[in-house]
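A structural walkthrough
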Amino acid sequence: MTDETANIDKWAHHLLDAERRCEAVAPITSSGAEISIDDAYQIQAALIARKVAAGETVIGAKLGLTSAAKQRTMGVHEPLYAVLTDANLLPAEGALPMDRLIHPRVEPEFVFVMGEDLAGPGVSAQDVLAATAAVCCGLEVIDSRYADFKFTLPDVVADNASTARFVLGSTLIRPTFDLSLVGCVLERNGDVVATAAGAAVMGSPAEAVALLANFLGRRGQRIQAGWVILSGGLTDAVAIGAGDHVSATFGRLGRVGVHAAA
Ligand code: OOG
Ligand code: MG
């Protein structure tokens, strides 16, 4: 093993350990370690490899920081991607296991269920829509392993983009309409906390999935048929605490909710 792979493994272990202990850690880059975006994706891959070795199954991928709201609030101005496993999927209206989470936040997203494999280069939003079996609405529960959700792009890539849980709405339909015009109303305990339209995500959420296909193609990987893809939060994420219920209503894609036990 080279020193380099030892370091990749060391950071993957560090982040996995923070997740298991439910304790926030300092960002990798704050330790003085210089990690490139490429190193960060290698740490992410090593972290997922450990989860798969422990019995989890990869079921999809997600984009992050694909809307202006998310980029502005997180102070990171480039999109990224991460990997979803079956352990991240929560049943609809499921209760969040708050004792397993550090400081969860919830964000509304358009979700794509892929009908065909897709890999760049040159994948367009049109190609994505043609390869999509269905779209639905979803809520992603993010839970950065870094204190106060403070990180740089390499830090958050290494941390699998703060991935923790997600829930899917029950209306699954073919995307034969303009996703950019679908409205979204985010509520916490019945109060509207944010509103947006699909266009908040790169003009159209299908553009985000095209970006993923092109990102993966560059690394010799592909989007796989059957994968679930979260295209990125449309609005700022909202904190969820014990007893809270967060829901999002997405025009014709219906409603999706998640709650935290009191
Ligand atoms: C990073 C994850 C971003 C999204 O949808 O933009 C993300 C974070 O905000 O902690 O999942
Ligand atoms: Mg997200």
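Structure's up top.
Residues numbered from 1 in each chain as written. Chains lettered and ligands numbered in written order. Predicted model: local features only at pLDDT ≥ 70, side-chain atom pairs only at ≥ 80, totals over all residues. Heavy atoms only, no water.

**Thoughts on the coordination of the magnesium ion (ligand 2)**
All of the protein donors around the magnesium ion (ligand 2) are Glu107 (OE), Glu109 (OE) and Glu140 (OE); their distances to the metal are 2.0 Å. Given a relative accessible area of 1%, Glu109 falls into the buried group. (Donors = N, O, S within 2.8 Å, 3.2 Å for Na, K, Ca; no water. Buried < 20%, exposed > 50% of the residue type's maximum accessible area, 1.4 Å probe, protein only.)

**Concerning the pattern of salt bridges**
Scanning the entire structure with this criterion turns up nine salt bridges. Glu19 is paired through a salt bridge with Lys51; the nearest N and O atoms lie 3.0 Å apart. Here Glu19, found in helix 1 (residues 3–21), pairs with Lys51, found in helix 2 (residues 37–53); they are 32 residues apart in sequence, far enough to count as distant. Lys51 sits in the buried class, given a relative accessible area of 7%. One salt bridge connects Asp159 with Arg145, and the closest N-O pair in it is separated by 2.8 Å. (Salt bridge = Lys/Arg side-chain N within 4 Å of Asp/Glu carboxyl O. Helix = DSSP H or I, 4+ residues; strand = E, 2+ residues; numbered from the N terminus.)

**Topic: unusual backbone geometry**
Following Gly120, the chain continues into Pro121 via a peptide bond in cis, with omega recorded as 10°. Here Pro121 is to be found in the loop between strand 4 (105–114) and helix 4 (125–131). The phi dihedral of Cys22 is positive, around 60°, even though this residue is not glycine. Looking at the element boundaries, Cys22 is found in the loop between helix 1 and helix 2. Judged by relative accessible area, which is 18%, Cys22 ranks as buried. One non-glycine residue, Met202, adopts positive backbone phi at about 55°.

**Remarks on helix 2**
An ideal rise of 1.5 Å per residue puts 24 Å on 17 residues; helix 2 measures up with 24 Å between its terminal C-alpha atoms. Regarding helix 2, the residues found buried are Asp39, Ala40, Tyr41, Ile43, Gln44, Ala46, Leu47, Ile48 and Lys51. Two residues or fewer after helix 2 comes Gly55, characterised by a positive phi angle close to 115°. (Expected span 1.5 Å × (residues − 1).)

**Structural notes on empty space enclosed by the protein**
Overall, the coordinates contain one cavity of 30 Å³ or more when judged by the stated rule. Forming the boundary of the largest cavity are 16 residues, of which Lys62, Leu65, Lys70, Ala161 and Ser162 lie nearest the centre. Of all the secondary-structure elements, those providing two or more residues to the lining of the largest cavity are strand 1 (58–64), helix 3 (68–74), strand 4 and strand 5 (132–142). Tallied by class, residues from the lining of the largest cavity come to eight nonpolar, three polar and five charged. (1 Å grid on protein atoms, 1.4 Å probe; cavity = no way out; pocket = protein on both sides within 12 Å on 5 of 7 lines; lining within 4 Å. Points joined across faces, edges and corners; volume = space filled by probe spheres on them. Nonpolar A, V, L, I, M, F, W, Y, C, P; charged D, E, K, R; others polar.)

**Here's the deal with the pairing of strand 8 (residues 191–197)**
In this structure, strand 7 (residues 183–188) lies alongside strand 8, joined through six bridges in antiparallel fashion. Residue pairing across strands places Glu187 opposite Val192, the latter belonging to strand 8. Here strand 7 hands over to strand 8 after two residues, with Asn189 in that stretch at a positive phi of 50°. (Pairing = 2+ DSSP bridges.)

**Quick notes on the nonpolar core**
By size, the foremost hydrophobic cluster in this structure holds 79 residues, and its most contacted members are Ile43, Phe112, Ile223, Ile229, Phe250 and Val258. At eight residues, the largest contribution of residues to this core is made by helix 6 (residues 205–218). Not counting chain neighbours up to four residues away, the residues in contact with Ile43 comprise Ile8, Trp11, Ala12, Leu15, Ile28, Ile35 and Ala158. Counting residues in hydrophobic clusters, the runner-up holds six residues, among them Val111, Cys136, Phe166 and Val228. (Core = buried A, V, L, I, M, F, W, Y, C linked by side-chain atoms within 4.5 Å. Contact = heavy atoms within 4.5 Å.)

**A word on helix 6**
Here helix 6 contains 14 residues, and its C-alpha end-to-end distance of 20 Å stays within 8% of the 20 Å for a straight helix at 1.5 Å per residue. For helix 6, a buried count of 10 out of 14 residues is recorded, marking the element as mostly surrounded by other parts of the structure. Listed in full, the buried residues belonging to helix 6 are Pro205, Ala206, Ala208, Val209, Ala210, Leu212, Ala213, Asn214, Phe215 and Leu216. Turning to helix 6, the residues buried within the fold contact strand 1, strand 2 (80–85), strand 4, helix 4 and strand 9 (228–230). Of the residues flanking the end of helix 6, it is Gly220, one or two places downstream, whose phi is positive at about 70°.

**As for the sheet that holds strand 3 (residues 95–96)**
Here five strands make up an open sheet; going across it, the order is 3-12-11-7-8 and the pairing mixed. Each edge of the open sheet carries a strand with a single partner, namely strand 3 and strand 8.

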